[in-house]
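Tertiary structure, described
Listed below, chain by chain, are the residues.
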Amino acid sequence: MVSLVVALGLVGLVAPSWSADIEAGRAKSMQCAVCHGAKGIATAPDAPNLAGQNEMYLVKALKDFKSKARENEVMNLMAAGLSDDDMANLAAYYQSIEIQLVTP
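Computed from a predicted structure; not experimentally measured. Sequence order as written defines the numbering, with residues in each chain counted from 1. Since the coordinates come from a predicted model, pLDDT governs what is reported: local features require at least 70, and pairs of side-chain atoms require 80 or more to be given and counted, while whole-chain, interface and lining totals use all residues. Side-chain measures were taken over the full set of non-hydrogen atoms in the model, leaving aside hydrogen atoms and water.

**A short note on the overall build of the protein**
We apply this condition: Where helices and strands are cited, they refer to DSSP runs of H or I of at least four residues and of E of at least two residues respectively, numbered from the N terminus. Only protein chains enter the accessibility calculation, which uses a 1.4 Å probe; a residue is then buried when its area is under 20% of its type maximum, exposed when over 50%, and partly exposed in between. For this analysis, residues touch if any pair of their heavy atoms sits within 4.5 Å. Reported accessibility uses the Shrake-Rupley method at a 1.4 Å probe radius. Residues are deemed covered only where the shown protein chains occlude them.
If you tally the helices and strands in the protein, you get 6 helices and 0 strands. Burial statistics for the protein: of 104 residues in total, 30% are counted as buried. In the protein, the proportion of contacts linking residues at least 24 apart, taken out of those at least 6 apart, comes to 59%. Total accessible area on the protein stands at roughly 7,200 Å², and carbon and sulfur atoms take up 62% of it.

Next up, the structure:
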């Protein structure tokens, strides 16, 4: 019984947002591409890669930047104009990008 409750609880943690629009996120991501790259692989040395990142994590990070609970001058400014839908769409888009790990 406990394992069923845990399993059902974990489903909610990884479930994608069905209302998010990946294509709208792709279009909105053009403003992110300067630092985070056109396909979510960072071009700026201090910017993280977003491709393949967890959707829930990205939404939370964007909300934290918007509220300034998480401080970064550029990201606070970029997130300030994002709606909840924009954040969900961006997060869904970046999570949808498949990545491959290459080992040397």
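**Describing helix α4 (residues 55-67)**
The condition is simple: Take the number of residues in a helix, subtract one, and multiply by 1.5 Å to get its expected span. Arc definition: directions from the helix axis to the C-beta atoms.
The terminal C-alpha atoms of α4, which comprises 13 residues, lie 18 Å apart, in line with the 18 Å expected from a rise of 1.5 Å per residue. Residues Glu55, Leu58, Ala61, Leu62 and Phe65 constitute the buried set of α4. Looking down the long axis of α4, one finds its buried residues gathered within 130 degrees of arc, a one-sided arrangement. As for α4, its buried residues are in contact with α5 (73-80) and α6 (84-96).

**Here's the deal with the packing of α4 against α5**
This is how the line gets drawn: Between N-to-C directions, angles span 0 to 180 degrees; the directions come from axes that are lines fitted to C-alpha atoms, helices contributing only their stretch in contact. Geometric relationships in this document are graded by angle, where less than 35 degrees denotes roughly parallel, more than 145 denotes roughly antiparallel, 65 to 115 denotes roughly perpendicular, and other angles denote oblique. For this classification, Asp, Glu, Lys and Arg are treated as charged, while Ala, Val, Leu, Ile, Met, Phe, Trp, Tyr, Cys and Pro are nonpolar and the rest, including Gly, are polar.
Direction vectors running N to C along α4 and α5 enclose 100 degrees, while the axes themselves pass 7 Å from each other. Classified by the angle between their axes, α4 and α5 sit roughly perpendicular to one another. Contacts between α4 and α5 involve Leu62, Phe65 and Lys66 on the former and, on the latter, Met75, Asn76, Ala79 and Ala80. Of the residues in the contact of α4 with α5, the class split is 5 nonpolar, 1 polar and 1 charged.

**What to know about the side chain of His36**
In plain terms, the rule: Two N or O atoms count as a polar contact when they lie within 3.5 Å, although within protein this holds only if one can serve as hydrogen donor and the other as acceptor, and sequence-adjacent residues are included solely when both atoms are side-chain atoms.
Within the secondary structure, His36 sits in helix α3 (residues 33-36). Only 2.9 Å separates the side chain of His36 from the backbone oxygen of Pro48, close enough to count as a polar contact. Beyond its immediate stretch of four places on either side in the chain, His36 contacts Ile41, Ala42, Thr43, Ala47, Pro48, Leu50 and Met75.

**Quick word on the pattern of salt bridges**
Cut-off, in case you're wondering: By convention in these notes, a salt bridge is any Lys or Arg side-chain nitrogen within 4 Å of a carboxyl oxygen on Asp or Glu.
For the coordinates displayed, the defined rule picks out 3 salt bridges. A salt bridge links Arg26 to Glu23, with the shortest nitrogen-to-oxygen separation between them at 2.8 Å. With Arg26 and Glu23 both in helix α2 (residues 22-28), this residue pair falls 3 residues apart, about one helical turn. A relative accessible area of 31% means that Arg26 is categorised as partly exposed. Note that Lys28 is salt-bridged to Asp86, the shortest N-O span being 3.8 Å. A residue pair is termed long-range when its members are at least 10 positions apart, and Lys28 in helix α2 and Asp86 in helix α6 qualify at 58 residues.

By themselves, these are just geometric observations and shouldn't be taken as functional.
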